[in-house]
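Residue strings, one per chain:
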Amino acid sequence: MKDSNFLKEHNAKSLWHPMAHPGDSLANPPAIITSAQGVKITDVDGHEVVDAVGGLWNVNLGFSCQPVKDAIAAQLDVLPYYSTFRGTTNDQVIQLAEELRKFFAPDGLTRAFFTSGGSDSVETALRLARQYHKIRGEEGRTKFLSLKKGYHGTHMGGASVNGNANFRTQYEPLLPGCHHIPAPYTYRNPFNESGPERLAQLCLQALEDEIAFQGAGTIAAFIMEPVLGAGGVIPPHKSFMPGVREICSKHGILLIADEVITAFGRTGSWSGSRHWGVQPDMMATAKAITNGYFPFGAVMIAGHMTETFEKDTTGKAAIGHGYTYSGHPVGAAAALACLAETQRLNVPENAAARGAQIHRGLLALQEKYELIGDVRGGHGLMCALELVSDRATKAAVDKRTIGKLQKVAYEAGAMVRVSSPNIILSPPLVLSDGEAATILSALDTGFAAVS
């Protein structure tokens, strides 16, 4: 390995970082993380902090999950790769599909289509939605509906259904036929409604109105996150996702649950859909499926859809879609071990407890610091602080202030994520109460430094 001087000298020089301005990465070189243990990461200077980002929402079991590491190493010795395109498969992916079928049975999902990650999973779900309607003779159902503030990855399809301008504007024109409705975001919404239940109903009315305007027979699917993640951790009222399910069913529109973040325990339930008592038609998963140790994902598909595809005799159900690494044997082995360990540890229980602890702590910080305009969370280990320069006008905080806050918090013991005016927390689900307290203490120190 090159020494620390080399790493610092060449930081961001030959590499463009995702979700960053290349010039800013050169001016403000990224933290160089060189090792990790448990829920802590260590940088090139030996500074160790609690990772309140959880890698990127995905390291649910922390950085020391030996069963997953062992499974990866063992599989590399036996079968490091083979294709699952028509005519071949592998032993690991067959076993994984059966385990996922059992795991997602309460969600009504019976088949798995494997991918390389979350954006791939979303793209797959969008494609299968259109194909499903074509098989059934409803070729006109090609449009997609989604929520403003929603995040669905970075492929052209995913970017098109994304509801955040940051991921859209520089890449337009995007896929036609994608339309958005207001998110149930109590802090900022076009209805000026702060009551969660009333806002949920207004957003559902907006969905009905958009369906009437577009024509139900033109819409393939509605895609949503059970709790909006990258858009700033926006949990809807408990009536919202069931209401979406009812409307979609009434109009013959498929419901795609984007659970790239929320599946496998993060909300304090085994899936985000289950958290709200909803069975989607498809579910996009990735991230925690291998604890972040191997790029992998799966789209889970409901029984009525699988029946439509499998009983087709016209040839329209032949799937002309897939990835070189779909069903990768090493990824499948990692996912099998990860799923077993996730269930053994019963991670939703700790996610709910530690999430409640952090949420309470953030509310206490809000009382202490005027910079905090809104606190969101209360559903497992996904929380956010929205920072403002003025609580009355809700004007966003400036980049310099939030950047300094992040830096001071890092120095004080916690890596936190900044996304526009939001500080987002998504630590590993094996976080201890002491480590949760460290995150809150580091944030307190950060806010004190900029207040």
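On a predicted model such as this, the values are computed, not experimentally measured, just so you know.

Caption draft 1: Molecular detail of the overall build of the chain. Secondary structure summary: the chain contains 15 helices and 16 strands in total. Since a compact globule built from 451 residues should have a radius of gyration of about 22 Å, the 22 Å found for the chain is in line with a globular shape. C-alpha extents for the chain along the principal axes are approximately 65 × 60 × 40 Å. Looking at the 451 residues of the chain, the share that counts as buried comes to 55%.

Caption draft 2: Seen up close, helix H6 (residues 118-135). Taking 1.5 Å of rise per residue, 18 residues should cover 26 Å, and H6 covers 26 Å from first to last C-alpha, within 8% of that figure. In terms of burial, H6 is largely enclosed, as 15 of its 18 residues are buried. Directly after H6, the chain includes Gly-137, whose backbone phi takes a positive value near 85°.

Caption draft 3: Representation of the packing of aromatic side chains. Following the criterion strictly, the structure yields eight aromatic pairs and no others. Measuring from centroid to centroid gives 5.9 Å for Tyr-81 and Tyr-325, while their planes differ by 70°, and the two rings are edge-to-face. Of this pair, Tyr-81 sits in the loop between helix H4 (66-78) and helix H5 (91-103) while Tyr-325 sits in the loop between helix H11 (303-310) and helix H12 (329-345), and the two are 244 residues apart along the sequence. Ring centres 5.5 Å apart and planes at 80° place the aromatic pair Phe-103 and Trp-270 in the edge-to-face group. Here the residue Phe-103 occupies a position in helix H5, and Trp-270 occupies one in the loop between strand E8 (254-258) and helix H10 (272-275), the gap between them amounting to 167 residues. A relative accessible area of 7% means that Phe-103 is categorised as buried. Connected via pairs of aromatic rings, a cluster forms that spans Phe-103, Phe-104, Phe-264 and Trp-270. The ring of Phe-103 has Arg-274 lying over it, and the distance from NZ or CZ to the ring centre is 5.6 Å. The ring of Tyr-187 has Lys-394 lying over it, and the distance from NZ or CZ to the ring centre is 4.4 Å.

Caption draft 4: Region of interest: the nonpolar core. Core analysis: the biggest nonpolar cluster contains 55 residues, and Leu-100, Phe-222, Val-244 and Phe-264 have the highest contact counts within it. With six residues, the single largest contributor to this core is helix H8 (residues 196-214). Ignoring any residue separated from it by four or fewer positions in sequence, one finds Phe-222 in contact with Leu-145, Ser-146, Leu-147, Ile-181, Leu-207, Val-244, Cys-248, Ile-253, Leu-254, Leu-255 and Ile-256. Formed by 43 residues, the second largest nonpolar core is a distinct cluster that contains Ala-52, Val-68, Ala-337 and Val-375.

Caption draft 5: View of helix H13 (residues 347-368). The end-to-end C-alpha separation of H13 is 31 Å, in line with the 32 Å expected for 22 residues at 1.5 Å each. Those residues of H13 that fall on the buried side of the exposure criterion are Val-347, Pro-348, Ala-351, Arg-354, Gly-355, Gln-357, Ile-358, His-359, Gly-361, Leu-362, Leu-365 and Gln-366. In this fold, the buried residues of H13 make contact with H12, strand E11 (372-376), strand E12 (383-390), strand E16 (422-425) and helix H15 (433-450).

Caption draft 6: Fine view of the environment of Ile-319. Counting through the fold element by element, Ile-319 comes out in the loop between H11 and H12. Owing to a relative accessible area of 41%, Ile-319 belongs among the partly exposed residues under this scheme. Spatially, the C-alpha atom of Ile-319 lies 42 Å from that of Gly-23, the residues being 296 residues apart in sequence.

Caption draft 7: Representation of the sheet that holds E8 within the structure. Spatial strand order, E4-E10-E9-E8-E7-E5-E6: seven strands in an open sheet with mixed pairing. If you trace the sheet from one side to the other, it starts and ends with strand E4 (109-115) and strand E6 (178-181), each paired once. Put simply, the sheet's adjacent strands are angled 20° from each other on average, direction ignored. Here three bridges tie E8 to strand E9 (residues 282-285), and the two strands are oriented parallel to one another. Along E9, the bridge assignment pairs Ala-257 with Met-283. In this fold H5 packs onto E4 and strand E10 (297-302), with an angle of close to 140° to the strand it touches most, E4. H8 contacts strand E5 (143-147), E6 and strand E7 (219-224) of the sheet and is inclined by roughly 150° relative to E6.

The rules behind these values
Residues numbered from 1 in each chain as written. Predicted model: local features only at pLDDT ≥ 70, side-chain atom pairs only at ≥ 80, totals over all residues. Heavy atoms only, no water. Helix = DSSP H or I, 4+ residues; strand = E, 2+ residues; numbered from the N terminus. Rg over C-alpha atoms; globule rule 2.2 N^0.38 Å. Buried < 20%, exposed > 50% of the residue type's maximum accessible area, 1.4 Å probe, protein only. Expected span 1.5 Å × (residues − 1). Phe/Tyr/Trp six-rings, centres within 6.5 Å; stacked < 30°, edge-to-face > 60°. Lys NZ or Arg CZ within 6 Å of the ring centre and 35° of its normal. Core = buried A, V, L, I, M, F, W, Y, C linked by side-chain atoms within 4.5 Å. Contact = heavy atoms within 4.5 Å. Pairing = 2+ DSSP bridges. Axes fitted to C-alpha atoms, helices over the stretch in contact; angles between N-to-C directions.

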